[in-house]
Amino acid sequence: MKKSWIIGLNTFKESLRKKTLYILLVVALIVIGASKAFSFLTAEEELKMIKDVSFSSIEFFGALIAIFMSLTAISGEIEKRTIYTLFSKPITRQNFFMGKFIGIVLILLLNFFLMSLFFIGLLIFKKSPPDIQVAKTLLLIFIELILIGAITLTVATFASDAFNIIFSFFLYIVGHLISYGNQLVDRTENFVLKGLGKILFTIIPNYENFNIRDKVVVGIEVSRNYIFKTSVYWFLYLVVILLIGSYFIQKREV
Amino acid sequence: MKKNWVKLFIAIILLFPIGFLQVSIDYSKKVEDLESNILLMPGQIAGSLVLSGFKGLAADLLWLNIENYWHSGQHYKMLPLLDAIAWLQPTYIVVWAVGGWHMAYNIFANVRSGKEKLISQIEKMIEEIENKNNKDLAIKIKNEIDTLIEGISREYPKTEEKIKDYVRIVENCRNRLEGMREYKKLYETLNSFVNIPEEMLFWYNSGVSFLKRGITYNRDRYDLYFELGWTYYHKGRDYPNAVRYLEKAIKFPHPDYVDDVLAHAYEKNGQIDLAIKQWEKLIGTSFETIAKRAIQTLKSGGRFTP
Amino acid sequence: MSIIEVKELTKYYYIGRNKKIVGLENVSFNVEEGEIYGILGPNGSGKTTCLKLMLGILYPTSGEINILGKDQFNPEMKKNVGFLPENPYYYDYLTGPELLKFYGRLFDLPEKIINERIEKLLYLVKLHEAKKLPLRSYSKGMLERIGVAASLINDPKILILDEPTTGLDPIGCMETRDLLLQLKKEGKTILLSSHFLSEVEKVCDRIAIFHRGYLLATGGLKELIDRYNADGLEDLFVKTIEEFDKKGEK
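As the structure is a computational prediction, the values presented were derived from the model and not from experiment.

Across its full length, chain C carries nine helices and nine strands. Computed over the C-alpha atoms, the radius of gyration of chain C is 19 Å, within 12% of the 18 Å expected from 2.2 N^0.38 for a compact globule of 250 residues. Referenced to the eigenvectors of the C-alpha coordinate spread, the extents of chain C come out at roughly 60 × 40 × 35 Å. Across the 250 residues that make up chain C, the buried fraction comes to 44%.

This is the structure:
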C-alpha cells in the first residue's frame, strides 16, 4: 500500500502540471462566480440560481477533469516509456494501478475543494451559510467524480485513448439517463428486451443516484438513509471497477 | 498471476448486490420524492435528454425570460415558459404559485387597463356617427361591456355558471355589433373592446388551471391548495370552490393564516357554523383577537367578513 | 548455480489468427556472478525483448527465467536489480535528486540511506552541479547519466543495461566504460545489450549474439573468435549471421 501511495503522489504532482486542469478549473470558477450577477432577481431566486449553477458546474467540470486526468494517467507513462523503469522496480502491477487511482483521487479532491470553497464563500456572502443538505449534495457529487475517474482509468488499462474518451463521455451521458431508460424498459412488452435492458441498466453506473441537487435546491430534505444507500452503491461499484482495472493491468503487455 | 481471473469473477458476483441495492435506491427515490418526472411526450424526452443534469439551471434561465416578458408586457409569451419551468421542476412551488398569480391577477388587471384608451377612442368615434339608431347601439354596447369589465374585475363572482353568463353577454354584444360593419374603424375598435372581458376571463381560468396542474405534482403540501383556494376566494369570489380547496390545505402542516382565510370563506359560503368552529381553532394563535370578534359577531347573527 | 539463468525462453507475438512474429525463439544462456555479459545483435534481433522478459515487463510464451534463484516477477528479486532502459525518459518536471528519491522510496529504503546515496551517485555520474535543474532541461548525455544513477540507487547486485552508450559522445562512452569496470570491481554482475561492437569488446567477459530472435552463439570473446575462425568481433558477428542465414535457407 505504501508503494501505491508513492506512485499516487507522483501522479498527483504530474497532474498538477497539466494545463487542461487549470483551464477547466478557471472556467468552472468563472461560471460559478457569474451566478452572482443575477442580483436583479429576488433574494430567494438568486440563491437558487447560485446553488443550481454551482452544483451543476462542480459536477460537470469535475467530471471533465476526472476524465481528462485519468485518460492519460496510464497511456502517458507508456508513451513516455517511464513505465519500463517503474516495472523494473519491486512493485506489483496492483501497486501501479492503485497508485494511479490514488493520484486521480488526490487531484479531484484538490479541484473539488477549490470549487466548493468558492461556492461556499458565495453562499456566506449572500448571508445563506451552507446547511447539511448542501453538504450532502457536495458529498454525493464528490464520490460521483471519483467513480467517473476510476472508470476512465480502468478503461485506459485495455483500450486506446481515442476509444476511452468517447466511451467515457458516452457513459457520462447515458449514466444520467438510466432512470428514463428503466422506465422505457418497464413499458416494453418484449420479454427479452426487458431482460437485456434491466441487465444493461444495472451494469451501467447510475449517476443519477448521486444527483440530489434539483431537490435540495427547492428545499426538499434528503434522508441520511438515502445517502447511506447511495454511498454503499458507490463503494461496491468502485470495487467492481477497480477489480476489472486490476485484472487488465495484470494482463497487459507494454 | 494465476489468480488474476478471480478478480473478474468477484467483480461479476458483486454486480448482483449492486443490482439489488439499485432497486432499493429507486424505492427510496420514490418515497422521498427524489425521482425525476418523466412525461412521455417525444419532444419533452429530447429536451430532457439534453437537460438531465442541468434541470435546475435551465429552469432558472427560463425564469429570467419570464421576468423579461412580464416587464415588457408580452404576457402570452410567458405561458409556454411557465409550462416549461413547471415541467422541469414540478416540485418548485414558487413557479406554480407565481405563475398562477401572474395569470389570474396581473395579466388579468393588465388586460383590463387596456380599456381606458379604447373607451376614449370609441367615444370620439361615436360622436361622429350621424344615424341615431346606430349611435344608440354603439353607446349601449360600450356601456354593457364596460359594466361587465368593471364587474368581472371587482365583485362579480367568477364561478363556472356565472362565467358562462358573462360569455353569453359578450356573444350577444358581438352579434349586435355585426350591424355596425359600415363604420369600419369603430367596428374594429369596438370589437377589441368587446374582447376584453373574454380575455380577462381567459386569464383568470388559466391561472386556476395552472394552479390545479401544480397541485397534481405537489399533492402532499398545503401550499398550492392554499394558493388556489385564495384565488377562488379573493379573485373569483367563487366561495364553494374556495372552501373546497382551503379545506384540503388545512389537512397538511400549514401556517395560521390559512385557517383564517378558510374561516372567512366559510362565512361567505353561508356555512356559519363551520366558520365559527374554524375561528375557534384560531384561539391561542396570533389571530386570537380577530377570532374572538368574529365568533362574537357571527354568533349574534351579524356579518363579520366584509 | 549461475546468478542469472535463462532457459528456453520463447516469445511470440500474434497478429490476427495466423500470423506469428518471433520475438525470441528458444533462447538459453547463463550469467555468472561478477562478470560483465554482453548481448549483441542488430536492431530487431530481440535484445530488448529478452531484457524486458527478464524484468517481468513482458510475459513469455514459454521458458524459464531465474535471477538470484527467483522468477522474474518476484519483488524481492527486483530489490537487487538495477535497470537502465534504452533511451531513458523520465518525469521531466522532477529534478535529478527528486527522481532518485522517488525510485529509492519504491525500494523501501530508509530516507537517510536514500539521501546519502543520492549525494554519492550524483558525484559518481558527475551531475552534482545540475542537481537543481529539472530533467526537461537535461541533454541526452545527462539523461543517460541520471539513468545510470537511478539504476544504482538500490545498490543492486545485478545491473541490467539496455544500450547504455546510445547517443553518448566518445568521452561519455569512455566514462561509462570506466564506470562499468569499476562496478565490476565492486562485485556487481552486469548484463548489457549493445550494437556497438567496439564497446562490447572493451568491457565484456562473455557475450551472446542474437539475430532475428535466435541466439546464435554464446561464450567468451576469445573462445568464440577461435571457434569461428574470425578476425575479430566484427568478423565473428558477420560469420555467425551468415551461418544462421545458410541454415535458414536449408
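Okay, the confidence of the model for chain B next. All names here are of chain B. Of the residues in chain B, 91% reach a pLDDT of 70 or more, and the chain-wide mean stands at 85. Ranking the helices and strands of chain B by mean pLDDT puts helix 11 (residues 239–249) first, with 94, and helix 2 (residues 42–51) last, with 50. This stretch, residues 37–46, has a pLDDT under 50; its non-local contacts, to residues over four places away or in other chains, come to seven contacts.

Residues and elements named next belong to chain C. In this model, Leu68 sits at a positive phi of 55 degrees, which is unusual for a non-glycine residue. With respect to the element layout, Leu68 can be found in the loop between strand 4 (62–67) and helix 2 (75–78). When the 19 C-beta atoms within 10 Å are taken as the criterion, Leu68 is described as partly exposed. Of note, the phi angle at Asp108 is positive, near 60 degrees, even though the residue is not glycine. Its location among the elements puts Asp108 in the loop between helix 3 (96–106) and helix 4 (111–124).

With 42 residues of chain A at the contact, the number on the chain B side is 34 residues. Of all the secondary structure elements, the ones that give two or more residues to the side of chain A that touches chain B are helix 3 (43–79), helix 8 (178–187), helix 9 (191–203), helix 10 (213–217) and helix 11 (224–251) of chain A. Tallying contributions element by element places helix 11 of chain A first for the side of chain A that touches chain B, with 16 residues. Taken together, the residues that form the side of chain A that touches chain B break down as 21 nonpolar, 12 polar and nine charged.

What follows deals with the pairing of strand 3 (residues 36–40) of chain C. Residues and elements named next belong to chain C. Most of strand 3 sits inside the fold, with five of its five residues counted as buried. Going residue by residue along strand 3, you find Ile36, Gly38 and Leu40 tucked away on one face and Tyr37 and Ile39 tucked away on the opposite face as well. In this structure, strand 3 lies alongside strand 7 (residues 189–194), joined through five bridges in parallel fashion. Residue pairing for strand 7: Ile36 is matched across the bridge by Ile190.

What follows is about the packing of helix 3 of chain A against helix 6 (residues 132–156) of chain A. Each pair of packed helices gets described by two things: the angle between the helix axes and the distance between those axes. Residue and element names in this part refer to chain A. Their axes nearest at 8 Å, the elements helix 3 and helix 6 cross at an angle of 25 degrees. Relative to helix 6, the element helix 3 lies roughly parallel. Regarding helix 3 and helix 6, the two cross each other, and that crossing is right-handed. Considered class by class, the residues forming the contact of helix 3 with helix 6 number 14 nonpolar, six polar and two charged.

The next point concerns the domain arrangement of chain B. Under the domain assignment used here, chain B contains domain 1 (112–203) and domain 2 (219–306). Just the C-alpha atoms count here: the centres of domain 1 of chain B and domain 2 of chain B sit 36 Å apart.

Reading guide: rules and limits
Residue numbers here run from 1 along each chain, matching the order of that chain's written sequence. In the order they appear in the text, chains get letters beginning with A and ligands get numbers beginning with 1. Note on the predicted model: pLDDT of at least 70 is required for a residue's local features to be given, and 80 or more for side-chain atom pairs to be given and counted; whole-chain, interface and lining totals, by contrast, use all residues. Comment: elements are numbered from the N terminus, with helices defined as DSSP H or I runs of at least four residues and strands as E runs of at least two. Note on method: radius of gyration uses C-alpha positions; expected globular size equals 2.2 Å times residues raised to 0.38. Buried residues are those with 20 or more other C-beta atoms within 10 Å of their own C-beta, exposed residues have 12 or fewer, and partly exposed residues lie in between; C-beta atoms are placed from the backbone. pLDDT is defined as a per-residue confidence score from the predictor, taking values between 0 and 100. A residue pair is marked as a contact if its C-beta atoms, positioned from the backbone, fall within 7 Å. Under the convention adopted here, Pro, Cys and the residues Ala, Val, Leu, Ile, Met, Phe, Trp and Tyr are nonpolar, Asp, Glu, Lys and Arg are charged, and Gly plus all remaining residues are polar. Strands were regarded as paired on the criterion that DSSP finds at least two bridges between them. Only C-alpha atoms enter the line fits that serve as axes; for helices the fit covers just the stretch in contact. Angles between N-to-C directions range over 0 to 180 degrees. By the definition adopted for this analysis, an angle is roughly parallel if under 35 degrees, roughly antiparallel if over 145, roughly perpendicular if from 65 to 115, and oblique otherwise. Helix crossings get a hand from a simple test, with the near helix turned counterclockwise from the far one by less than a right angle marking a left-handed crossing and a clockwise turn marking a right-handed one. Domain start and stop points were drawn from an automatic or database domain assignment.

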